[in-house]
Amino acid sequence: MCGYKYKHLATRSQDALVGKILSQLQWIKQKFSTFDYSIVKIFTSGSFFDPNEVPLRARTEIGKQFKGKLVIVETRPEYVNKIDLDGFIDEIDDGNWNTPLYVAMGLETTNDGIRNKSINKGFSYIDFVKAATEVHESHAGVKTYLLMKPLFLTESESIDDMNASIEECTHLSDIISMNLCTVQKGTLLEKYWRRMAYRPPYLWSVLSVLRSAKQYILCDPVGGGSLRGPHNCGKCDPDIVRGIRDYSLTKDKTLLDTLFECDCQCKREWQWVVANEMPYCMPFTR
Ligand SMILES: [Zn+2]
């Protein structure tokens, strides 16, 4: 479902990679004074701690430039180890923040079957648990990404999956961010979507998950209201998308309740889908 495979660099040369990263650091230096910002999110869409993706030399420079900032990086769990974490924290930490580093990992779901069959992610929940434990041992924070409604799940299965995942990963996560599946160009997901075999989640489902979570969940409904993104009927979408964004900024749950109580025609359609949509599973074994 991820379209980034078409957007990566053609080169795998370490020098070229380091050069690209250093030039981005230089660009930031030119555009911003270091007093302009206090938090930096490094968006690799991959693994910050994978030395083939972010070579050590570049990582060290990033650490130097952002000393004193709160830094959020993302990585797959297999690249998490205490030595690298401690080394990077040493670079950025000047005592300004209790938790100067947050490590974001795309767990997507706590259900190994769904992560394996629907997402093909290549690691298990236990790998995430080990990595999250290691992150906490380095006194860094864990940001967990979940993915709502990957391929092959019905609307109600996707709601149940997110409710269960939020509950199960809470004790290991300092921040939970729920991403909503979108249909990106050139992906397998798009192929199924074109054949009417996939529909992105209803915004009603998103509201229902955010409302029933006991804790605050970050959620930015990217592509919300479009056919390729999470959507309802088209009429009620803009208000709900705006409301979910406002909730993410304010943590005000009454916003979600008010939106959920709105009575758009499509709410009955959604309720019918949740109650009646059937899974068409593939067999688990041969
Ligand atoms: Zn509607």
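Rules of the game
Residues numbered from 1 in each chain as written. Predicted model: local features only at pLDDT ≥ 70, side-chain atom pairs only at ≥ 80, totals over all residues. Heavy atoms only, no water. Core = buried A, V, L, I, M, F, W, Y, C linked by side-chain atoms within 4.5 Å. Buried < 20%, exposed > 50% of the residue type's maximum accessible area, 1.4 Å probe, protein only. Helix = DSSP H or I, 4+ residues; strand = E, 2+ residues; numbered from the N terminus. Contact = heavy atoms within 4.5 Å. Donors = N, O, S within 2.8 Å, 3.2 Å for Na, K, Ca; no water. Tetrahedral: all angles 85-135°; square planar, octahedral: opposite > 155°, others 65-115°. Arc of directions from axis to C-beta. Pairing = 2+ DSSP bridges. Axes fitted to C-alpha atoms, helices over the stretch in contact; angles between N-to-C directions. Phe/Tyr/Trp six-rings, centres within 6.5 Å; stacked < 30°, edge-to-face > 60°. Lys NZ or Arg CZ within 6 Å of the ring centre and 35° of its normal. Parallel < 35°, antiparallel > 145°, perpendicular 65-115°, else oblique. Nonpolar A, V, L, I, M, F, W, Y, C, P; charged D, E, K, R; others polar.

Peer 1: A description of the nonpolar core should follow, citing residues and the corresponding values.
Peer 2: Core analysis: the largest hydrophobic core is formed by 63 residues, its most contacted members being L101, M178 and W204. Broken down by element, the residue count for this core peaks at six residues, all from helix α8 (residues 203-212). In this view, W204 contacts N232, C236, I240, L259, F260, C262, C264, C266, K267 and W270; residues no more than four positions away in its chain are not counted. In this structure, L147, L151, V183 and Y198 belong to the second largest nonpolar core, which totals eight residues.

Peer 1: Please set out the coordination of the zinc ion residue by residue, giving values where relevant.
Peer 2: The coordination sphere of the zinc ion, as far as protein atoms go, consists of C233 (SG), C236 (SG), C264 (SG) and C266 (SG), spread over 2.3 to 2.4 Å. In this structure, the zinc ion is coordinated by four donor atoms arranged in tetrahedral fashion, with angles at the metal of 103 to 117°. In primary-sequence terms, the residues that donate to the zinc ion follow C-x2-C-x27-C-x1-C. In this pair, C236 is assigned in the loop between α8 and α9 (237-250) and C264 in the loop between α10 (253-261) and α11 (266-276), connecting sequence segments 28 residues apart. Exposure remark for C236: the relative accessible area of 11% places this residue in the buried category. Residue classification places C264 among the buried residues on the basis of a relative accessible area of 14%.

Peer 1: Please set out α8 residue by residue, giving values where relevant.
Peer 2: Of all ten residues making up α8, eight are buried, and the element is well covered by its neighbours. Buried residues in α8 make contact with β4 (141-148), α6 (155-169), β5 (175-180), α9, α10 and α11.

Peer 1: Give me α10: which residues, what numbers.
Peer 2: What sets the pattern is the α-helix's 3.6 residues per turn: residues three or four places apart point alike. All of the buried residues along α10 are L256, L259 and F260. Looking straight down α10, one finds its buried side chains confined to an arc of 95°; they lie on one side. Of the exposed residues in α10, the ones pointing more than 90 degrees away from its buried face are T258 and E261. Looking at the packing, one finds that the buried side of α10 touches α8, α9 and α11.

Peer 1: Give a detailed account of the sheet that holds strand β3 (residues 101-108), specifying residues and quantitative values.
Peer 2: With parallel pairing, the five strands of this open sheet are ordered in space as β1-β2-β3-β4-β5. Each having just a single partner strand, β1 (39-41) and β5 make up the two edges of the open sheet. Neighbouring strand axes in the sheet, compared pairwise and without regard to direction, differ in orientation by 20° on average. On top of the sheet, α6 reaches β3, β4 and β5; it is set at about 170° to β4, its chief contact.

Peer 1: Kindly report on the side chain of S208, identifying the contributing residues and their values.
Peer 2: Within the secondary structure, S208 is located in helix α8. Sequence-distant contacts of S208, defined by excluding residues within four places in its chain, comprise I159, F260 and W270.

Peer 1: Tell me what's going on with the packing of aromatic side chains, and back it up with residues and numbers.
Peer 2: In total, this model carries twelve aromatic pairs according to the counting rule given. Relative to F32, the ring of W27 lies with its centre 6.4 Å away and its plane at 65°, an arrangement referred to as edge-to-face. Overall, W27 belongs to the partly exposed group, its relative accessible area being 47%. With 6.4 Å between their ring centres and 85° between their planes, F32 and Y37 make a pair best called edge-to-face. On the basis of relative accessibility, which here comes to 42%, the residue F32 falls in the partly exposed class. Y37 sits in the buried class, given a relative accessible area of 19%. Connected via pairs of aromatic rings, a cluster forms that spans W27, F32, Y37 and F66. Directly above the aromatic system of Y198 lies the positively charged group of K149, at a separation of 5.7 Å from the ring centroid. When the ring centre of Y202 is taken as reference, the NZ or CZ atom of R199 above it lies at 3.6 Å.

Peer 1: Tell me about the packing of α6 against α11, and please be specific about residues and values.
Peer 2: Remark: α6 packs on α11, axes separated minimally by 7 Å, with the N-to-C direction vectors making an angle of 85°. The orientation of α6 relative to α11 falls into the category roughly perpendicular. Here E155, S156 and I159 of α6 lie close against α11, whose contacting residues are W270, V273 and V274. The class makeup of the residues in the contact of α6 with α11 is four nonpolar, one polar and one charged.

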